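Here's the letter readout for the chains.
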Amino acid sequence: MDTPDGEWGQASAEGQPYFFLSYAHTPPWGSGGGDPDHWVHQLYRDLCNHIMALTDLPAGAEVGFIDREMGSGVGWPRKLSENLARCRVFVPLLSPRYFTSEMCGRELFAFNERILHARAAGGREVSAIVPALWTRVDFHQLPDSIRHIHLDRTTFGDRYATNGFYGLIKLSRLRDEYEETVLTLAQRIVQVAEESPLPPGRLRDYESTPSAFRPRGEEPRHIHLTVAAPTRDSVPEDRDPRPYGEDALDWNPYHSESTRPLPALAEELIRSLDYRPTVSSFDDEDTDGPLSPGTGEESGKTGRPRILLVDRWTLTDEERRRRLKAFDAQAQPWVSAVVPWNRADLQCHGDEGQRLTTEFERTLPLLLERGRRTDCRTAVNGVPTLKAFTDVLPAVVAHTTRQYLKHAEAHPPPGPHVPRPRLLGPIQPPYPEGGPDHGGDA
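Residues numbered from 1 in each chain as written. Predicted model: local features only at pLDDT ≥ 70, side-chain atom pairs only at ≥ 80, totals over all residues. Heavy atoms only, no water.

**A short note on the layout of surface pockets**
Part 1 of the argument: Within this model, the largest pocket holds a volume of roughly 590 Å³.
Part 2 of the argument: Pro210, Ser211, Arg221, Leu273 and Ala398 are, among the 28 residues lining the largest pocket, the residues nearest its centre.
Part 3 of the argument: For the lining of the largest pocket, the secondary-structure elements that each account for two or more residues are α3 (102-122) and α11 (386-407).
Part 4 of the argument: Broken down by element, the residue count for the lining of the largest pocket peaks at eight residues, all from α11.
Part 5 of the argument: Of the residues in the lining of the largest pocket, the class split is twelve nonpolar, six polar and ten charged. (1 Å grid on protein atoms, 1.4 Å probe; cavity = no way out; pocket = protein on both sides within 12 Å on 5 of 7 lines; lining within 4 Å. Points joined across faces, edges and corners; volume = space filled by probe spheres on them. Helix = DSSP H or I, 4+ residues; strand = E, 2+ residues; numbered from the N terminus. Nonpolar A, V, L, I, M, F, W, Y, C, P; charged D, E, K, R; others polar.)

Structure below.
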């Protein structure tokens, strides 16, 4: 994981390539089969040629990026991260193989995180992902992390939707349609790059970047986010009201860095990890009975993995403090906590901040001690910046999910119980009447 300040630094805006073509490498088979990704590279070259014609890029400028143009070696992950942090548009080349590629999942997550930071800082929607079909992809095959991205099938025609670029480029009778579709995609890339400019992002450590796709064959993953934070009307009079709103879900502890509430950013980040998140306010949940997931499900071990996103300033309210203490006492192993504690907020470091920190240790001892035993202890010690928050949340999500799979009860489907088969050993086949010692010459 990156350090909270992003040890690789910020990418330069100079010479931003127009697009990053993300594709799943096809494994070779047999001998003498040639390069199995030859046609992907042809598509990349055709896109670059069109973009050069459509823009005023000078000779030698970086038009696009594809990882084939890099040799393997020590600098390979950094080069990949540099281009993910600098490119103007991300073009995932979709196919069934794409959604099982960890490399493609990391690329998509890194670019999604860059968009999230740009939206948080600028307060406006930024759409810089232009998906393309390499082969036919049915909607039900799309992971949750990519379903929010608009997949334009109508503009490119029915044959494209049926065959993808691979079918168009391989069938000579569809050559004209291929040329027209590549030109249309190039025009779309240029349009998005110029109408929705995306500033360069930080260089993320590629090797520690999580994937945007769940493992092959795994069922959809759910997680619940509970937000314990005051509202503007319930904070002490001397507390800066800017981080708060009408509801706990309006809480924005990093308001100097972001214009968006933190729960909305957290939900978006969790969804980009291929989860189906739900979010609720701690004030709206019943925590006096058995621990419930806050989603209308039965309580206890039939619930979902759960993360408590908590502001220490919520402890200034006696009733919330009592309910949080009860919450901590009955927290299952698959309940984790994340504690944003903005280092730029001076009130978090004064006398009141120190008092709240001490009170926090008494109120949530189980969750805090549990979090400090993991490799993401920053989550409970106080997350100082928005960048640190987006670094640590995926690790907390992964840890919480592992604990759920390890400890939660399994619920088999309804129906009669089928005993586990047992291997009893070899059974001698029956012999004809008379047995092996009868009916034959010795």
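**Side note on the pairing of strand β7 (residues 306-310)**
Part 1 of the argument: Where burial is concerned, most of β7 is hidden: five out of the five residues are buried.
Part 2 of the argument: What you see with β7 is no split at all: Arg306, Leu308 and Val310 on one side and Ile307 and Leu309 on the other are buried throughout.
Part 3 of the argument: Two strands pair when backbone bridges link them, and β7 and strand β8 (residues 335-338) are joined in this way by four bridges, in the parallel orientation. Along β8, the bridge assignment pairs Leu308 with Ala337.
Part 4 of the argument: In the classification by handedness, the crossover that spans β7, the intervening helix α7 (residues 318-329) and the parallel β8 is right-handed. (Buried < 20%, exposed > 50% of the residue type's maximum accessible area, 1.4 Å probe, protein only. Pairing = 2+ DSSP bridges. Right-handed = clockwise from strand over helix to strand, strands pointing away.)

**Here's the deal with the environment of Arg362**
Part 1 of the argument: With respect to the element layout, Arg362 can be found in helix α8 (residues 351-363).
Part 2 of the argument: Given the relative accessible area of 49%, Arg362 is considered partly exposed.
Part 3 of the argument: As a C-alpha pair, Arg362 and Lys325 span 37 residues in sequence and 8.2 Å in three-dimensional space.

**So, the confidence of the model for the chain**
Part 1 of the argument: Residue-level pLDDT values for the chain average 85, and 83% of them are 70 or greater.
Part 2 of the argument: Across residues 1-8, confidence stays below pLDDT 50; counting only partners more than four residues off in sequence or on other chains, it has 25 contacts.
Part 3 of the argument: Here residues 289-302 is modelled with pLDDT under 50, and outside its nearest four sequence neighbours on either side it reaches 39 contacts, counting other chains as well. (pLDDT = per-residue confidence, 0-100. Contact = heavy atoms within 4.5 Å.)

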